[in-house]
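Remarks on the overall topology
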Amino acid sequence: MAHVGAKQILSEAQREGYGVPCLLAGNLEMLIGVVQAAEACNAPLILAYNAQVTPQIPLPLIAPAMVKAAEGARVPIATILDHGADLASIEQAIACGLSTVMYDGSALPFEENVRRTQEVVRIAHAHGVDVEGELGAVGGSSIELGYSQARSEFTDPDQAVEFVARTGVDVLAISFGNLHGLYDGAPDLDLARVRAIAGRVTTPLAMHGASGLPGSAYAAVIAAGISKINYYTAMARAVTHSLRQALATAGETDLVYHRVIAWTTGQFASETRRLLHLLRQSLETST
Ligand SMILES: [Zn+2]
């Protein structure tokens, strides 16, 4: 259908009251699986590349496949560099043809985050590329588990208003108790803070670390004002689990590698269908 910027997809989701998953497309199995699911559910999708999770896969190699998949899909798809750390990686992602870049300056002091994000927005918008910024640190890790989050790092609503106005970002990632990776016990999400921010900025809001919430939590997070749902760890765990079971039944002399490719592609597709169902409950109940 169309390879579009994240802003277009998320603005529509904001209006209609559903969430859009942002899923890693670090290799072809992930990419093909998640796009198949989006088409099957007739749902838009954001395909992400994260250099920390798949450093073995160079962006210039996988980006053309992400862009081709988006261009050929029957649903709108955005492509994004997840957690761009510096200007060089942002410029590389733009050169590779991604429709959106995330610049993560959340570890910097406020003024420095504003200044560097402004620079990214200036460069990206000159190329017609959307920008996601982050304000308030979302802790944790998608590849190492066992973190907790200090409330002092939650996004301040007044600062969010100022950050959006001064930087002109198209999407804002916020911190309200969400964590990358898996939660240690039940997540303690400050949804009143999400509502306070969503009530004062029209920019779509992103939740990183949406893995492993109870199923009922997604509708509440979306109702509070989140449109972009970054999701990886729980999906990777489910795929790993099914792969382990499949390998356990394979014989020592079986050549299973090509079946591993088929299994993982199918598992990423079925996990994505399950997630899309959770994120689009409001649509399914109203039709
Ligand atoms: Zn993230």
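Here's a quick rundown of the structure.

Conventions and cut-offs
- Residues numbered from 1 in each chain as written.
- Predicted model: local features only at pLDDT ≥ 70, side-chain atom pairs only at ≥ 80, totals over all residues.
- Heavy atoms only, no water.
- Helix = DSSP H or I, 4+ residues; strand = E, 2+ residues; numbered from the N terminus.
- Rg over C-alpha atoms; globule rule 2.2 N^0.38 Å.
- Contact = heavy atoms within 4.5 Å.
- Areas by Shrake-Rupley, 256 points an atom, 1.4 Å probe, with all protein chains shown as cover.
- Lys, Arg positive; Asp, Glu negative; His and termini not counted.
- Charge placed at Lys NZ, Arg CZ, Asp CG, Glu CD.
- 1 Å grid on protein atoms, 1.4 Å probe; cavity = no way out; pocket = protein on both sides within 12 Å on 5 of 7 lines; lining within 4 Å.
- Points joined across faces, edges and corners; volume = space filled by probe spheres on them.
- Donors = N, O, S within 2.8 Å, 3.2 Å for Na, K, Ca; no water.
- Buried < 20%, exposed > 50% of the residue type's maximum accessible area, 1.4 Å probe, protein only.
- Arc of directions from axis to C-beta.
- Axes fitted to C-alpha atoms, helices over the stretch in contact; angles between N-to-C directions.
- Parallel < 35°, antiparallel > 145°, perpendicular 65-115°, else oblique.
- Left-handed = near helix turned anticlockwise from the far one by under 90°.
- Nonpolar A, V, L, I, M, F, W, Y, C, P; charged D, E, K, R; others polar.
- Pairing = 2+ DSSP bridges.
- Right-handed = clockwise from strand over helix to strand, strands pointing away.

**Let's talk about the overall build of the protein**
Across its full length, the protein holds 11 helices and 9 strands. Whereas a compact globule of 287 residues would reach a radius of gyration of roughly 19 Å, the protein reaches 18 Å, a difference of no more than 12%. If you line up the protein on its principal axes, its C-alpha atoms span 60 × 40 × 40 Å. The contacts in the protein between residues at least 6 apart in sequence include a share of 71% that link residues at least 24 apart. If you sum the accessible surface of the protein, you get close to 12500 Å²; carbon and sulfur atoms cover 53% of it. Within the protein, the 28 negative side-chain charges are centred at a point lying 4 Å from the centre of the 19 positive side-chain charges.

**A short note on the layout of surface pockets**
Space inside the second largest pocket adds up to approximately 240 Å³. Together, 14 residues line the second largest pocket, and N27, M30, Y232, V239 and F268 are the ones closest to its centre. Secondary-structure elements contributing two or more residues to the lining of the second largest pocket are α2 (28-41), α9 (233-248) and α10 (257-279). Counting residues per element, the lining of the second largest pocket draws most heavily on α9, which supplies 4 residues.

**Comments concerning the coordination of the zinc ion**
Bound to the zinc ion are the protein donor atoms H83 (NE2), H180 (NE2) and H208 (ND1), situated 2.0 to 2.1 Å from the metal. Motif for the zinc ion, donor spacing along one chain: H-x96-H-x27-H. On the criterion of sequence distance, the pair formed by H180 in the loop between β7 (171-174) and α7 (191-198) and H208 in the loop between β8 (205-207) and α8 (215-224) is long-range, its members being 28 residues apart. Comparing H180 with H208, the two get one shared label, buried.

**Let's talk about α8**
For α8, the set of buried residues is A217, Y218, V221, I222 and A224. For α8, the angular spread of the buried residues around the axis is 155 degrees, confining them to a single face. Summarising the geometry of α8, the exposed residues directed more than 90 degrees from the buried face are S216 and A223. On its buried face, α8 is in contact with α7, β8, β9 (226-230) and α10. Trailing α8 by a residue or two, G225 shows a phi angle of about 135 degrees, which is positive.

**Concerning the packing of α2 against α10**
Contact pair α2 / α10: the axes reach a minimum separation of 7 Å and the direction vectors enclose 40 degrees. When the axes of α2 and α10 are compared, the pair comes out oblique. Crossing handedness for the pair α2 and α10: right-handed. Judged by residue contacts, E29, M30, I32, G33, V34, Q36, A37, A38, A40 and C41 of α2 engage I261, T264, T265, F268, A269, T272, R273 and L276 from α10. For the contact of α2 with α10, the residue count by class is 11 nonpolar, 5 polar and 2 charged.

**Brief notes about the packing of helix α5 (residues 110-126) against helix α6 (residues 157-167)**
Viewed as axis vectors pointing N to C, α5 and α6 meet at an angle of 35 degrees, and their least axial separation amounts to 9 Å. Crossing hand, α5 versus α6: right-handed. For the pair α5 and α6, contact is made by F110, E111, N113, V114, T117, Q118 and V121 and by Q159, E162, F163, R166 and T167, respectively. Here the contact of α5 with α6 is built from residues that sort into 4 nonpolar, 5 polar and 3 charged.

**Focus: the pairing of strand β2 (residues 20-24)**
Among the 5 residues that make up β2, 5 are buried, leaving the element largely enclosed by the rest of the structure. Every second residue of β2 is oriented toward a common face, with V20, C22 and L24 on one face and P21 and L23 on the other, all of them buried. Where β2 meets β9, 3 bridges bridge the pair, whose relative direction is parallel. Within the sheet, the bridge partner assigned to P21 lies in β9 and is I229. Handedness of the crossover joining β2 and strand β3 (residues 45-49) through α2 is recorded here as right-handed.

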